[in-house]
Amino acid sequence: MGEKDTKAKEYLSDNSRFADLCNYVLFQGEQIIKAETLIEKDSTEVLSILVDGREEQFQKWRDLIKGTVIKRNKDMVFVLIGIENQSDIHYAMPVKNMIYDALNYGSQVKKTAKRHRKNHDKLTPAEFLSGFRKDDKLTPVITITLYWGADKWDGPRTLHDMLDHSDETLIKFIPDYHINLVVPEEIDDFKKFRTTLGEVLEAIKVSNDKEQMRQLIFSNPAFQKMDNESVAAINTFLGTNIPLNKNEEVTDMCKAWDDLMNEGIEKGIEKGIKKGIEKGRINIIADFLLNGGTEEQAKEMLKASENEVTSAKELLTVKI
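Residues numbered from 1 in each chain as written. Predicted model: local features only at pLDDT ≥ 70, side-chain atom pairs only at ≥ 80, totals over all residues. Heavy atoms only, no water.

**Let's talk about the pairing of strand β6 (residues 141-147)**
Stated precisely, the cut-off is as follows: For every residue, the accessible area (1.4 Å probe, protein chains only) is compared with the maximum for its type, and the residue is labelled buried under 20%, exposed over 50%, or partly exposed between those bounds. Secondary structure elements are taken from DSSP: a helix is a run of H or I of four residues or more, a strand is a run of E of two residues or more, and numbering for both begins at the N terminus. A pair of strands is treated as paired once DSSP finds two or more bridges between them.
Of all 7 residues making up β6, 6 are buried, and the element is well covered by its neighbours. Across 3 bridges, the pairing between β6 and strand β7 (residues 180-182) is parallel. Pairing of Thr145 across the sheet is with Leu181, part of β7.

Right, here's the structure in full:
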């Protein structure tokens, strides 16, 4: 697992941020899922099935999956919500997520059948075939894909997008699967987020434009006291090196950004001065050679390096 994938998993392991993302995707930012109701689940999806008379085990590892009770109006339902983090575009994402969900549902059926056997429950012949009673129900599984890149997502969003087909009569018989995809570049209203996850995603969205980045940081008060975990996440996904406040749990990104930019300007000036000095020295060596000095004399008398002599000769060629 790469640095970005590790950071994304670590960052969204926090229940408040996990719930924030779920509420954005499922309820347009309405605070339906509460952080305190989230239950950590094993992210390993395992299913054993019979293949040619032998039991084979299929196993996949999700990034994150948590269970929660969702209550709307008078209805209550327990759901499993998985989050898949993508630092790069995945061109088979619908199939990847579909496998996770299918393994989970298959595992639920198998566990239900195992429970019936253990309890010696009476099953009809039809129910015995699957081990699943007519009135048994599955726990809904929702998978959300969060893309941590600044570019547009140009990959498929549904299984049908991945199929090589043109026959509209046949396609309706092929079940589709769509991904619940979050792309920073496509988000219009970051106010629907209630944690600094929103600020991190907005920073990713404008990360290709330094002026937009500066305007964002200085216009949003949240960046003045941003938790260090979010600043570290920004550093990871944007490739920046904003120093964290070691004395507190929050960092003033406005000051840190200005310090970083000023440091860059100073380094640029130093580099420019160095280049100017180097250029002046090359001119001196070139004039020495133009006035009859040899390469060996330039190396001995002017302490010129082989590269400097070569650059001086190239400069003379241009002048001539």
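The discussion continues.
**As for the pattern of salt bridges**
For clarity, the threshold we go by: Between Lys or Arg on one side and Asp or Glu on the other, a salt bridge is scored when a side-chain nitrogen of the former is within 4 Å of a carboxyl oxygen of the latter.
All told, the structure shown has 8 salt bridges when counted by the stated rule. Here Glu229 ties to Arg17 by a salt bridge, and the two come within 2.8 Å at their closest N and O atoms. In this pair, Glu229 is assigned in helix α9 (residues 228-238) and Arg17 in helix α2 (residues 15-27), connecting sequence segments 212 residues apart. You can call Glu229 partly exposed: its relative accessible area is 44%. Judged by relative accessible area, Arg17 falls into the buried class, the value being 6%.

**Looking at unusual backbone geometry**
One non-glycine residue with positive phi stands out, namely Gln28, at about 55 degrees. Considering the arrangement of structural elements, one finds Gln28 in the loop between α2 and β1 (39-40). For Gln28, a relative accessible area of 52% corresponds to the exposed category. With a phi close to 55 degrees, His120 is a non-glycine residue in the positive phi region. With respect to the helices and strands, His120 occurs in the loop between α3 (93-118) and α4 (125-130). With relative accessibility at 71%, the residue His120 sits in the exposed group.

**Things to note about the environment of Asn307**
Structurally, the position occupied by Asn307 is in helix α12 (residues 306-319). C-alpha separation for the pair Asn307 and Ile282, spaced 25 residues apart in sequence, amounts to 9.8 Å.

**So, the packing of helix α1 (residues 3-12) against α9**
Stated formally: Working convention: axes come from line fits to C-alpha atoms, limited for helices to the stretch in contact. Angles between N-to-C directions cover 0 to 180 degrees. Working definition: roughly parallel below 35 degrees, roughly antiparallel above 145 degrees, roughly perpendicular at 65 to 115 degrees, and oblique for all remaining angles. Left-handed describes a crossing in which the near helix is turned anticlockwise from the far one by less than a right angle; the clockwise case is right-handed. Throughout, a residue-residue contact means that at least one pair of heavy atoms, one from each residue, lies within 4.5 Å.
For the pair α1 and α9, the least separation of the axes is 10 Å and the interaxial angle reads 155 degrees. In terms of orientation, α1 lies roughly antiparallel with respect to α9. Here α1 runs over α9; the crossing is left-handed. Note on element contacts: α9 touches α1 through Glu229, Ser230, Ala232, Ala233, Thr236 and Phe237, opposite Glu3, Lys4, Lys7, Ala8 and Tyr11.

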